[in-house]
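Okay, here's what each chain looks like letter by letter:
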Amino acid sequence: MEFQLTAPPYPSSGNFSGGAPVGVTVLGATGSIGVSTLDVIGRHPDRYRVVALTANRQVDRLLAQCRRFKPEFVVLADSDAAEQAQAHITSEGLATTVLTGIEGLETVASLEQTDQVMAAIVGAAGLRPSLAAARAGKRILLANKEALVMSGQLFIDEVRDNHAELLPIDSEHNAIFQSMPVDFDRGLDAVGVEKILLTASGGPFRTADAAQLEKVTPEQACAHPNWSMGRKISVDSATMMNKGLELIEACWLFGTTPDRIQVVIHPQSVIHSMVSYVDGSVLAQLGHPDMRTPIAHAMAWPQRMTSGVKRLDLFDVARLDFEVPDLVRFPCLRLAYEAAAEGGTAPAILNAANEIAVEEFLAGRTTFTDIPVVVETTLNKLTAVPAESLDIVLDADRAARETAQDFVKGMHA
Ligand code: NAD
Ligand code: MG
């Protein structure tokens, strides 16, 4: 078996049998996915126990979570924020140890008392802690798609070599996982899967023309029609880079190539993705767009548990529409297809240049339509090489950030 996400015989998880609660580390606890994860955990206090919570520098929100869930550890990646948190924890007499930096994140991703790690840090910053969880053989609940996009083969190798489990949280990938046969690790041909239909809402500018796209503000880009998410992924949804990153993510998770993944615009976001089989069957997963469904699914898998998500009312939905994506108005999706086909460090370069371009756009220093220009220029200036080690991937990430930043500076000169 070359490719393995989850090791049979599929273990029972989530203390459904009355044993000790399953220990969970939530990386990126203060973000959109982190908060939804704690909401699900809060519904099942007998099954799950929070071992560690992390944030970049949101002290107040993390402390509030700390008072409620009483973790053994909290990590603030920022050292000043960690000092502030320590002062509060000491004065309130909480029995929580405060750690900081990337080492702190890696430590809590690999603690012995942690069974599951929610990887919900945004961007490349999540790579090393997610890899640490893989190396420690944990069940990884993967929301941080950028980590897999950057380091695909290395990540999958660590999961396989250390008998970790990789369960997708991204709603599309979770839907694909649910629509796949359990033994898809044998390869898509072996299990009769012809292709994956990756759905996309089309974002807030699905019907906007080129002139309108030039005038988009950060607030408009962050106002997604169906999902409430962090600012970076909201902009990615608006440019459709999110679907591009998801295309690459799907290749690694399901051991396939971009030509077997078709992006389908589905504005209602009710079908979360589909799998098409050689006998003509198409299996789909549907649901109200709320990330607590994939989170609860992956935490409880192979069982099921409640998530607090509103039931899907098909009469309310009434219709499901589908469209072909427009790669001219949304060049980020084309760039991701190209980077996926090129392979090696190209996806890491694409990802890093995109992170810089989105940051600059959110800071008001570039326009919305500059985002694909920054990414394409960076991809053209740098040469992709085989992604054989973490150092090579991190070097490509660094070089792409510098190149993208220099290009943006030049635009204003
Ligand atoms: P968010 O911006 O709301 O939260 C990000 C979290 O990461 C916060 O807790 C923040 O403190 C932490 N963080 C940010 N930078 C950090 C750094 N340098 N070091 C350590 N921690 C850092 O983001 P989100 O919307 O929750 O998304 C998280 C991840 O999940 C992203 O990779 C995103 O693509 C993915 N995802 C999100 C959704 C969604 O609905 N929000 C859906 C699918 C996938
Ligand atoms: Mg998604």
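Preceding block: the structure.
Structure report, in brief. (Residues numbered from 1 in each chain as written. Chains lettered and ligands numbered in written order. Predicted model: local features only at pLDDT ≥ 70, side-chain atom pairs only at ≥ 80, totals over all residues. Heavy atoms only, no water.)

Points about the overall build of the protein chain
For the protein chain, the count of helices and strands is 17 helices and eleven strands. When its C-alpha atoms are laid out on the principal axes, the protein chain stretches across 55 × 55 × 45 Å. Per-residue burial over the protein chain gives 55% buried out of 413 residues. Intrachain contacts of the protein chain at a sequence separation of at least 6 include 71% that bridge at least 24 residues. Here the protein chain has roughly 17,000 Å² of accessible surface; of this, 52% comes from carbon and sulfur atoms. Taking the average location of the 34 positive side-chain charges in the protein chain and that of its 51 negative ones, the two points are 5 Å from each other. (Helix = DSSP H or I, 4+ residues; strand = E, 2+ residues; numbered from the N terminus. Buried < 20%, exposed > 50% of the residue type's maximum accessible area, 1.4 Å probe, protein only. Contact = heavy atoms within 4.5 Å. Areas by Shrake-Rupley, 256 points an atom, 1.4 Å probe, with all protein chains shown as cover. Lys, Arg positive; Asp, Glu negative; His and termini not counted. Charge placed at Lys NZ, Arg CZ, Asp CG, Glu CD.)

Observations concerning the coordination of the magnesium ion (ligand 2)
Bound to the magnesium ion (ligand 2) on the protein side are Asp 170 (OD), Glu 172 (OE) and Glu 246 (OE), at distances that span 2.1 to 2.2 Å. Written as a sequence motif, the donor residues of the magnesium ion (ligand 2) are D-x1-E-x73-E. Accessibility expressed as a relative area gives 8% for Asp 170, which makes it buried. Overall, the relative accessible area of 9% leaves Glu 172 in the buried class. (Donors = N, O, S within 2.8 Å, 3.2 Å for Na, K, Ca; no water.)

Some details on the sheet that holds strand E8 (residues 193–200)
A sheet is described by the order of its strands in space; here four strands give the open sequence E9-E8-E10-E11, paired in mixed fashion. Only two strands of the sheet have a single partner each, and these edge strands are strand E9 (261–265) and strand E11 (282–286). Direction aside, neighbouring strands of the sheet carry axes that sit 20° apart on average. As paired elements, E8 and strand E10 (residues 271–277) share four bridges and run antiparallel to each other. Directly across from Val 193, in E10, lies its bridge partner Tyr 277. Helix-sheet contacts for helix H11 (residues 241–253) involve E8 and E9, and the interaxial angle to E8 is about 155°. (Pairing = 2+ DSSP bridges. Axes fitted to C-alpha atoms, helices over the stretch in contact; angles between N-to-C directions.)

What about the pairing of strand E3 (residues 73–76)?
Burial along E3 is two-sided: Phe 73 and Val 75 facing one way and Val 74 and Leu 76 facing the other are all buried. One ladder, built from four bridges, connects strand E2 (residues 48–55) with E3; its direction is parallel. Within E3, the position partnered with Ala 55 by the bridge is Leu 76. Regarding topology, helix H2 (residues 59–69) serves as the crossover connection from E2 to the parallel E3, and that connection is right-handed. For E3 and strand E4 (residues 97–100), the ladder comprises four bridges, and the chain directions are parallel. The partner of Leu 76 across the bridge, within E4, is Thr 100. Taken together, E3, helix H3 (residues 79–92) and E4 form a β-α-β motif whose crossover is right-handed. (Right-handed = clockwise from strand over helix to strand, strands pointing away.)

Observations regarding the packing of helix H5 (residues 127–135) against helix H6 (residues 145–161)
At a minimum axis distance of 10 Å, the contact between H5 and H6 shows a crossing angle of 15°. Between H5 and H6, the angle falls in the class roughly parallel. Remark: the crossing between H5 and H6 carries right-handed chirality. Contacts between H5 and H6 involve Leu 127, Ser 130, Leu 131, Ala 134 and Arg 135 on the former and, on the latter, Ala 147, Met 150, Ser 151, Phe 155, Glu 158 and Val 159. Considered class by class, the residues forming the contact of H5 with H6 number seven nonpolar, two polar and two charged. (Parallel < 35°, antiparallel > 145°, perpendicular 65-115°, else oblique. Left-handed = near helix turned anticlockwise from the far one by under 90°. Nonpolar A, V, L, I, M, F, W, Y, C, P; charged D, E, K, R; others polar.)

Let's talk about the pattern of salt bridges
Scanning all chains against the criterion turns up 29 salt bridges. Between Arg 401 and Asp 397 there is a salt bridge, with its nearest N and O atoms 2.9 Å apart. In this pair, Arg 401 and Asp 397 both sit in helix H17 (residues 390–412), four residues apart, roughly one turn of the helix. The exposure class of Asp 397 is buried, given its relative accessible area of 10%. The structure contains a network of salt bridges with shared partners spanning Lys 145, Asp 170, Glu 172, Lys 243 and Glu 246. (Salt bridge = Lys/Arg side-chain N within 4 Å of Asp/Glu carboxyl O.)

Looking at H2
Of all the positions in H2, only Val 59, Leu 62, Leu 63, Gln 65, Cys 66 and Phe 69 are classed as buried. Angular distribution of buried residues about the axis of H2 spans 160°; they occupy a single face of the element. For H2, exposure combined with an orientation more than 90 degrees from the buried face picks out Asp 60 and Arg 68. In this fold, the buried residues of H2 make contact with helix H1 (32–42), E2, E3 and H3. (Arc of directions from axis to C-beta.)

Points about a nonpolar patch on the surface
There is a patch of nonpolar side chains on the surface, built from Leu 286, Leu 314, Leu 320 and Phe 322 and spanning about 350 Å² of accessible area. Position of Phe 322 among the secondary structure elements: in the loop between helix H13 (314–317) and helix H14 (331–342). (Patch = residues over 30% accessible without salt bridge, like charges linked within 9 Å, V, L, I, M, F, W, Y side chains within 5 Å.)

Points about the environment of Ala 81
Along the polypeptide, Ala 81 turns up in helix H3. Given the relative accessible area of 4%, Ala 81 is considered buried. With 24 residues separating them in the primary sequence, Ala 81 and Arg 57 have C-alpha atoms 5.3 Å apart. With residues up to four places along the chain from it excluded, the contact list for Ala 81 reads Asn 56, Arg 57, Val 59 and Leu 76.

Observations regarding the sheet that holds strand E7 (residues 165–168)
Read across the sheet, seven strands follow the order E4-E3-E2-E1-E5-E6-E7 without closing on themselves; strand pairing throughout is parallel. Looking at strand neighbours, the two that pair on one side only are E4 and E7, the edges of this open sheet. Averaged over all pairs of adjacent strands, the angle between their axes in this sheet comes to 20°, without regard to strand direction. For strand E1 (residues 22–27) and strand E5 (residues 116–119), the ladder comprises four bridges, and the chain directions are parallel. Residue Leu 27 lies in a different strand from E5, and its bridge partner there is Ala 119. Helix-sheet contacts for H2 involve E2 and E3, and the interaxial angle to E2 is about 165°. Against the sheet, H3 makes contact with E3 and E4, and its axis sits at roughly 175° relative to E4, the strand it touches most.

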